[in-house]
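# A structural walkthrough
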Amino acid sequence: MADIAGYGVGDQPVIGRIFLVQRNNLDSQIILASLPKKEALAKLTEAIQIVASDFSNSINTSQDSTLQEILRAQLAILTDPELSSVIIDFINSGASLSSAIDSAINDFTSLLVGGSAEFEARIADLKEIGSRLIDAAAGKSRKLQFPTEGEWIVVSDDLSPLETSQFTSAIKGVVTRDGGPTSHTAIVCRQLRISAVVGCGDISKLLSNELITLDPADNAVYFGERTIENSGPWWKKLPIQKKSIFRPLGNVGSVKDADLVRSSQAQGVGLLRTELLFLDHKNEPSVEEQIKIYSEVVSHCPGGEIIFRTLDAGTDKPIPFLGLGKEENPALGLRGQRISWIRPKFYENQLLAIRETGAKFSNRKISVMAPMIANKEEAISFANSASRLGFDSIGIMVEVPSIIEEISTLPENIHFLSIGTNDLSQYLFAADRQNSSVAHLLNPWQPILLKTISRICNLSKTRGIKVGICGEAASDTLLSAVLIGLGVESLSAGAGAVSDLVAISQVLSPSQAEAAANIALNSISAIDAQRSVRNLLSSK
Ligand code: PEP
Ligand code: MG
């Protein structure tokens, strides 16, 4: 029984002393409360320069391309003249420097609440920028001095990318109070291959300098030193199979991801998130501009199929050029393919640009799929638009549960399905994917999610189309065996997890996958499923 339980990231147990991150910028607010207006304006300029230089230094010293990208995005927000102009407006209308920064950040974040992992990460970015600006203006250094020797486990409410970018080689693990399977910290730790247990809730018993053991494979934190049986990657000791039983693919949202996926020897790209290529576009990109952007990414992708996903934005995801309004429940509103109802021209142009990109790479298989398809009518409308343009590999995402019962009668010009487990879980369990209070329902080991995936696979078999998974579930190395046993043909993982998938694809046998799927399907809880499958696969 774990002393503290959360959601584990990684396979490797680690033991280390606690490096406790405590932060509070209350005294900075007091320092800044009485600054006269003129001084506040000067301090703002100075603070922006200090924080920008912190970001630039971390970009230059970071070894990890994903982190560098996140930090670059943060630097772009920090130096966006729009942000400083809103802060200045608040100062001019009488607010203190710290509350002007807070109010401006709140204005910006209110536009983003309720979106996908990428947009939620942007909220964390904005809050981090606000709190850093306040401390810099008050003359306080925010640099965390991580130890450089020994073995340490960082314990914190949550961690920002700037903080994770400062990790030294002495940092062996991470425990956080907040976050869940798809949170920023989980994604970065997976990328950095640092074991973590996130979303633990109460972490107040974890005291500075104490020794703890993390067993991420069992979602557990233990006080003191523990020996963990059957630990480490389960697939390492298995013999190579003659034939691989699934295609390991990678998810791509940038040229950097494409490079990483290619160097991991993936057999293709299972999800090219096109919206991530336009996050900073204030004007709608023309067909020619899109072709240029897509071609750059494709030229860095591995050989094999590349599945382009049409823009998955929404009013909650303010892709600036879409100029959409605010919604009460954005996850249930105009997002994904639904935006084509009101901006059909953009979607037509996007398909055209993808087709033209494909024509430039005639040796590549370019497929296209639509997100958030909810019924047959939407599926047919998308497939017909893509067919008319000459696409011969067309798919839809299965992430809105209502489409599942239509699978067996989908038309001939739909050739594949891709399960988005992040959203499928969100809508199946009525659990906001950004809300850490309900994160346990979004654990991809939930037997109900697995039963749903099994049903999707069975229905697809009757219709004769293949199914892949491109949600975060595909990045879970133990769960991958279960997903293949359920009948999935390809798994597309986050760029950092693809090399493990490639290794698993070389050793996983049909009987292991089937046994893993059976055990997981018949488990009573997510934790039970994960534990039973670990015991099964580690005992081989
Ligand atoms: C998903 O929902 O699982 C998915 C892959 O799409 P996104 O995370 O981009 O919404
Ligand atoms: Mg989705």
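Residues numbered from 1 in each chain as written. Chains lettered and ligands numbered in written order. Predicted model: local features only at pLDDT ≥ 70, side-chain atom pairs only at ≥ 80, totals over all residues. Heavy atoms only, no water.

### Topic: the overall build of the chain
We apply this condition: Helix and strand definitions follow DSSP, with helices as H or I runs of at least four residues and strands as E runs of at least two, each counted in order from the N terminus. Computation of the radius of gyration draws on C-alpha atoms, with the globule rule given as 2.2 Å multiplied by the number of residues to the power 0.38. Between buried and exposed lies partly exposed: a residue is buried under 20% and exposed over 50% of the maximum accessible area for its type, with that area taken using a 1.4 Å probe on protein chains only. Every residue pair with non-hydrogen atoms within 4.5 Å of one another is taken to be in contact. A 1.4 Å probe and the Shrake-Rupley method give the accessible areas. Residues count as covered only by the protein chains that appear here. When charges are counted, neither His nor the chain ends are considered; positive counts come from Lys and Arg and negative counts from Asp and Glu. Charge positions are represented by NZ for Lys, CZ for Arg, CG for Asp and CD for Glu.
Within the chain, the secondary structure is distributed over 18 helices and 16 strands. Computed over its C-alpha atoms, the radius of gyration of the chain comes to 23 Å, within 12% of the 24 Å expected for a compact globule of 540 residues. Within the chain, the proportion of its 540 residues that are buried is 59%. Considering only contacts within the chain whose residues lie at least 6 apart along the sequence, 69% involve residues at least 24 apart. Accessible surface for the chain amounts to roughly 21900 Å². Of this, 51% is attributable to carbon and sulfur atoms. On the chain, the mean spot of the 50 positive side-chain charges and the mean spot of the 60 negative ones are 5 Å from each other.

### Focus on the coordination of the magnesium ion (ligand 2)
The line we're drawing: Coordination shells were defined by N, O and S atoms within 2.8 Å of each metal, extended to 3.2 Å for Na, K and Ca; water is absent from the atom set, which can make sites look incomplete.
Taken together, Glu 399 (OE) and Asp 423 (OD) make up the protein donors of the magnesium ion (ligand 2), found 2.1 to 2.2 Å from the metal. On the criterion of sequence distance, the pair formed by Glu 399 in the loop between strand E13 (394-398) and strand E14 (416-419) and Asp 423 in helix H13 (residues 421-428) is long-range, its members being 24 residues apart. Accessibility assignment for this pair places Glu 399 and Asp 423 in one class, buried.

### Topic: the sheet that holds strand E16 (residues 490-493)
Stated precisely, the cut-off is as follows: When DSSP locates at least two bridges between a pair of strands, those strands are taken to pair. Lines fitted to the C-alpha atoms define the axes, with helices restricted to the stretch that makes contact. Angles between their N-to-C directions range from 0 to 180 degrees.
Spatially, E9-E10-E11-E12-E13-E14-E15-E16 is the arrangement adopted by the 8 strands of the closed barrel, whose pairing is parallel. Averaged over neighbouring strand pairs, the angle between their axes works out to 25° when direction is ignored. Here strand E12 (residues 365-370) pairs with E13 via 3 bridges, running parallel. Bridging across to E13, Val 368 finds its partner in Ile 394. The sheet strands contacting helix H12 (residues 376-388) are E12 and E13, and the helix crosses E13 at an angle near 150°. Contacting strand E9 (247-252) and E16, helix H16 (residues 498-507) crosses the sheet at an angle of about 170° to E9.

### Examining the packing of aromatic side chains
The test is simple: Pairing of aromatic rings covers Phe, Tyr and Trp, the last counted by its six-membered ring, and requires centre-to-centre distances within 6.5 Å; plane angles under 30 degrees mean stacked, over 60 mean edge-to-face, and any other angle means tilted.
Scanning the entire structure with this criterion turns up 8 aromatic pairs. Judged by centre distance (5.2 Å) and plane angle (85°), the rings of Phe 146 and Phe 167 are edge-to-face. Placement of the pair is Phe 146 in the loop between helix H6 (117-137) and strand E4 (152-156) and Phe 167 in the loop between helix H7 (161-164) and strand E5 (171-176), with a sequence separation of 21 residues. Of the two residues, Phe 146 and Phe 167, neither departs from the other in class, the shared state being buried. Look at Trp 234 and Trp 235: their rings are 5.8 Å apart centre to centre, the planes differ by 80°, and that puts the pair in the edge-to-face class. You can call Trp 234 buried: its relative accessible area is 5%.

### Topic: the sheet that holds strand E2 (residues 7-9)
A sheet is described by the order of its strands in space; here 8 strands give the open sequence E1-E8-E7-E3-E4-E5-E6-E2, paired in mixed fashion. Each edge of the sheet is formed by a strand with only one pairing partner; in this case those strands are strand E1 (4-5) and E2. When E4 meets E5, the two strands line up parallel, connected through 5 bridges. Looking at the pairing, Ser 156 lines up with Thr 176 of E5. This element, helix H8 (residues 184-192), spans E2, E5 and strand E6 (195-198) of the sheet and lies at about 30° to E2.

### Regarding the side chain of Glu 378
Quick note on the threshold: The term salt bridge refers to a pairing of a side-chain nitrogen on Lys or Arg with a carboxyl oxygen on Asp or Glu at a separation within 4 Å.
Assignment of secondary structure puts Glu 378 in helix H12. The buried charged residue Glu 378 lacks any salt bridge, with Arg 338 as its nearest oppositely charged partner at 5.3 Å. Beyond its immediate chain neighbours, meaning those up to four positions away, Glu 378 contacts Trp 341, Met 372 and Ile 373.

### Let's talk about the site of ligand 1
Applied cut-off: Residues are classed as near a molecule or strand on a simple rule: at least one heavy atom within 4 Å of it. N or O atoms closer than or at 3.5 Å make up a polar contact, with two conditions inside protein: a donor-capable atom paired with an acceptor-capable one, and, for residues adjacent in sequence, both atoms drawn from side chains.
In the vicinity of ligand 1 there are 14 residues, among which Arg 273, Arg 309, Gly 420, Asn 422 and Arg 433 approach most closely. One nitrogen or oxygen atom from the side chain of Glu 399 is found 3.0 Å from an oxygen atom belonging to ligand 1. Within the backbone of Gly 420, a nitrogen or oxygen atom sits 3.4 Å from an oxygen atom of ligand 1. Burial of ligand 1 by the surrounding chains reaches 100%, relative to a free accessible area of 290 Å². Put simply, the parts of the chain that give the shell around ligand 1 at least two residues each are strand E10 (268-273) and H13. Among the elements that line the shell around ligand 1, the one with the most residues is H13, at 3 residues.

### Looking at the domain arrangement of the chain
Reports often express the size of an interface as the amount of accessible area lost when the parts come together. Keep this limit in mind: An automatic or database domain assignment provides the domain bounds reported here. For any pair of parts, buried area is found by adding up, for both, the accessible area (1.4 Å probe) each one loses once the two are put together. Each residue gets one of three labels, nonpolar for Ala, Val, Leu, Ile, Met, Phe, Trp, Tyr, Cys and Pro, charged for Asp, Glu, Lys and Arg, and polar for the others, Gly among them.
Splitting the chain by domain gives domain 1 (4-20 + 150-232), domain 2 (26-137) and domain 3 (235-538). The gap between the C-alpha centroids of domain 1 and domain 2 is 27 Å. Counting residues at the interface gives 12 residues for domain 1 and 14 residues for domain 2. When residues of domain 1 are sorted by the area they lose upon contact with domain 2, Pro 161, Leu 162 and His 184 head the list and together hold 46% of the total. Here domain 1 and domain 2 share 0 salt bridges between them. Of all the secondary-structure elements, those providing two or more residues to the side of domain 1 that touches domain 2 are H7 and H8. By residue class, the composition of the side of domain 1 that touches domain 2 is 4 nonpolar, 7 polar and 1 charged.

### Some remarks on the pairing of E9
Within a regular strand, side chains alternate between the sheet's two faces. Keep this limit in mind: Handedness of a crossover is defined as follows: with both strands directed away from the viewer, a clockwise route from the first strand across the helix to the second makes it right-handed.
Burial runs high along E9: 6 of the 6 residues are buried. What you see with E9 is no split at all: Arg 247, Leu 249 and Asn 251 on one side and Pro 248, Gly 250 and Val 252 on the other are buried throughout. Pairing between E9 and E16: 4 bridges, direction parallel. By the bridge assignment, Gly 250 is partnered in E16 with Ala 493. Note: E9 against E10, 3 bridges, orientation parallel. Bridging from a neighbouring strand, Val 252 pairs with Leu 272 of E10. For the crossover that starts at E9, traverses helix H9 (residues 255-263) and ends in the parallel E10, the hand is right-handed.

### Re the packing of helix H17 (residues 510-521) against helix H18 (residues 526-538)
Operational definition: Convention used here: angles under 35 degrees read as roughly parallel, angles over 145 as roughly antiparallel, angles from 65 to 115 as roughly perpendicular, and any remaining angle as oblique. We call a crossing left-handed when the near helix sits turned anticlockwise from the far one by less than a right angle, and right-handed when that turn is clockwise.
Across the interface, H17 lies against H18 with an axial gap of 9 Å and an inter-helix angle of 150°. Classified by the angle their axes make, H17 and H18 are roughly antiparallel. Helix-helix and strand crossings are classified by hand; for H17 and H18 the assignment is right-handed. Where H17 abuts H18, its residues Gln 512, Ala 515, Ala 516, Ile 519 and Ala 520 lie against Ala 529, Ser 532, Val 533, Leu 536 and Leu 537. Residues belonging to the contact of H17 with H18 are distributed by class as follows: 8 nonpolar, 2 polar and no charged.

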